[in-house]
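# Geometric and topological summary
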Amino acid sequence: MAQKTGLQLFVSRLSSYTTNHEFKRLFSPFGVVTEARLVVEPKTNRPKGFGFVTFESEADAGKALKAMNGRLPFTDFLLKLLYKGLREREA
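Criteria and cut-off values
Along each chain, the written sequence defines residue order, and numbers are assigned to residues from 1. Two thresholds apply to this predicted model, a pLDDT of at least 70 for residue-level local features and 80 or more for giving and counting side-chain atom pairs, whereas whole-chain, interface and lining totals are computed over all residues. Note that the side-chain values use all heavy atoms of the structure and ignore hydrogens as well as water. Each residue is placed in one exposure class: buried if its accessible area under a 1.4 Å probe, protein chains only, is under 20% of its type's maximum, exposed if it is over 50%, and partly exposed if it falls in between. In this text, helices come from DSSP runs of H or I with a minimum length of four residues, and strands from runs of E with a minimum of two, each type numbered from the N-terminal end. Note that the arc is defined by the directions from the helix axis to the C-beta atoms. Between rings of Phe, Tyr and Trp, where Trp is taken as its six-membered ring, a pair exists when centres lie within 6.5 Å; planes separated by under 30 degrees are stacked, by over 60 edge-to-face, and by other angles tilted.

## Observations concerning helix α2 (residues 58-68)
The set of residues buried in α2 consists of Asp 60, Ala 61, Ala 64 and Met 68. Buried residues of α2, seen end-on, are gathered within an arc of 100° and therefore sit on one face of the element. In α2, the exposed positions that point more than 90 degrees away from the buried face belong to Glu 58, Ala 59 and Lys 66. Phi for Gly 70, located one or two positions after α2, is positive at around 90°.

## Here's the deal with helix α1 (residues 20-27)
Of the residues making up α1, those classed as buried are Phe 23, Leu 26 and Phe 27. For α1, the angular spread of the buried residues around the axis is 85°, confining them to a single face. Facing away from the buried side of α1, by more than 90 degrees, are the exposed residues His 21 and Arg 25.

## Structural notes on the packing of aromatic side chains
Scanning the model with the defined rule gives 5 aromatic pairs in all. Consider the rings of Phe 10 and Phe 50, whose centres lie 5.7 Å apart with planes at 45°: the pair is tilted. Of this pair, Phe 10 sits in strand β1 (residues 2-12) while Phe 50 sits in strand β3 (residues 47-55), and the two are 40 residues apart along the sequence. Geometrically, the ring pair formed by Phe 27 and Phe 55 is edge-to-face, given 6.4 Å between the ring centres and 75° between the ring planes.

What follows is the structure in structure tokens.
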């Protein structure tokens, strides 16, 4: 049986000083965030400036996409959001 795992947004143009806690908190007002993950540089353990946010529902992800695309949350960088769509996973 396949199970929907939510909608994942790709977020780019983040500051390398962004923390996982700040990243998740930034998107939490739009709905239940099941995962917020910054991609880090292995040698320095600092964020590379992009990450992924997964929402429990497509509606919540859509709200975040609409509200946050092009916003300036932490720095002088604009957020660039893309979505991957609903994935199905074997249960």
